[in-house]
Amino acid sequence: MLSSKEISMLIEATGTSVYMTLASTLMAYVIGLPIGILLVVCAPGGLKPKAVLYKILDFIVNITRSIPFLILMLLATPLARLVTGKSYGANATIISLTLAAAPFIARLVESSLLEVDKGVIEAAQSASIWQIVFKVLIGEARVSLIVGSTIALGTVLGYTAMSGAIGGGGLGDVAIRYGYSRWDTKILLATVVL
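Residues numbered from 1 in each chain as written. Predicted model: local features only at pLDDT ≥ 70, side-chain atom pairs only at ≥ 80, totals over all residues. Heavy atoms only, no water.

**Brief notes about the overall build of the chain**
Thinking step 1. Within the chain, the regular secondary structure consists of 10 helices and 0 strands.
Thinking step 2. Each of the three principal axes of the chain carries a C-alpha extent, and together these read 65 × 35 × 25 Å.
Thinking step 3. Looking at the 194 residues of the chain, the share that counts as buried comes to 43%.
Thinking step 4. Put simply, 69% of the contacts in the chain that link residues at least 6 apart link residues at least 24 apart.
Thinking step 5. In the structure as shown, the chain presents an accessible area of about 10,700 Å², 68% of it carried by carbon and sulfur atoms.
Thinking step 6. Distance between charge centres in the chain, computed from 14 positive and 10 negative side chains, equals 8 Å. (Helix = DSSP H or I, 4+ residues; strand = E, 2+ residues; numbered from the N terminus. Buried < 20%, exposed > 50% of the residue type's maximum accessible area, 1.4 Å probe, protein only. Contact = heavy atoms within 4.5 Å. Areas by Shrake-Rupley, 256 points an atom, 1.4 Å probe, with all protein chains shown as cover. Lys, Arg positive; Asp, Glu negative; His and termini not counted. Charge placed at Lys NZ, Arg CZ, Asp CG, Glu CD.)

**Focus: the pattern of salt bridges**
Thinking step 1. Under the counting rule described, the total for this entry stands at 5 salt bridges.
Thinking step 2. The closest approach of N and O atoms between Lys186 and Glu6, which form a salt bridge, is 3.8 Å. Of this pair, Lys186 sits in helix H10 (residues 185-193) while Glu6 sits in helix H1 (residues 4-42), and the two are 180 residues apart along the sequence.
Thinking step 3. For Lys186, a relative accessible area of 37% translates into the label partly exposed.
Thinking step 4. For Asp184, the salt bridge goes to Lys186, with nearest N and O atoms at 4.0 Å.
Thinking step 5. One salt-bridge network, in which partners are shared between bridges, spans Glu6, Asp184 and Lys186. (Salt bridge = Lys/Arg side-chain N within 4 Å of Asp/Glu carboxyl O.)

**With respect to the side chain of Thr21**
Thinking step 1. Tracing the backbone shows Thr21 in helix H1.
Thinking step 2. Take Thr21: its relative accessible area is 6%, and that puts it in the buried class.
Thinking step 3. At 2.7 Å, the side chain of Thr21 forms a polar contact with the backbone oxygen of Ser17.
Thinking step 4. Among residues more than four places away in sequence, those in contact with Thr21 are Leu153, Val156, Leu157 and Thr160. (Polar contact = N/O pair within 3.5 Å; in protein donor to acceptor, adjacent residues only side chain to side chain.)

**Section: the packing of aromatic side chains**
By convention here, two paired aromatic rings are described through the distance between centres and the angle between planes.
Thinking step 1. If you walk through the whole model with that rule in mind, you get 3 aromatic pairs.
Thinking step 2. Consider the rings of Phe69 and Tyr159, whose centres lie 4.6 Å apart with planes at 5°: the pair is stacked. You can see Phe69 sitting in helix H3 (residues 69-75) and its partner Tyr159 sitting in helix H8 (residues 142-163), a full 90 residues away along the chain. With respect to burial, Phe69 and Tyr159 carry one shared label: buried. (Phe/Tyr/Trp six-rings, centres within 6.5 Å; stacked < 30°, edge-to-face > 60°.)

Structure follows, in structure tokens:
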């Protein structure tokens, strides 16, 4: 049975994990959504092909997605310290989470937009490029984009747990410090359930 102190600690850690997940996913969408749209628009065969821009964005997304999250967190420590004044805790972790999630979200958005039927896009060719993007591409891909957002939230939540390994806070931190390091199975299981 968990003590009231342990329950209080788990509630606080859950709130911190939810805060980190939602804030970083929102900020990652602010970065990743436009990149995903640009990848589709600028791609060879896209609405406005721009080979150089496409190759640069594609390269950046591929490189940042291939960096393991724990290493990316360590690499982002100076930026987190610059932005938040600290290199640990929930706010600092949000910087790393955002940097890790943005390219992932860009690929999810790109994948969703590429599923739109080419015939629907061709039928709208008389419209401006931004009307095609917002009314046709995003409009037709909205279900896939929503499914992608749930995948992104789940992925970022997993990242928050990993951030506990280097002082990120939240359930991952509690699981490591109290559950694993102190061999407290009930705390470890409680963090897994939460």
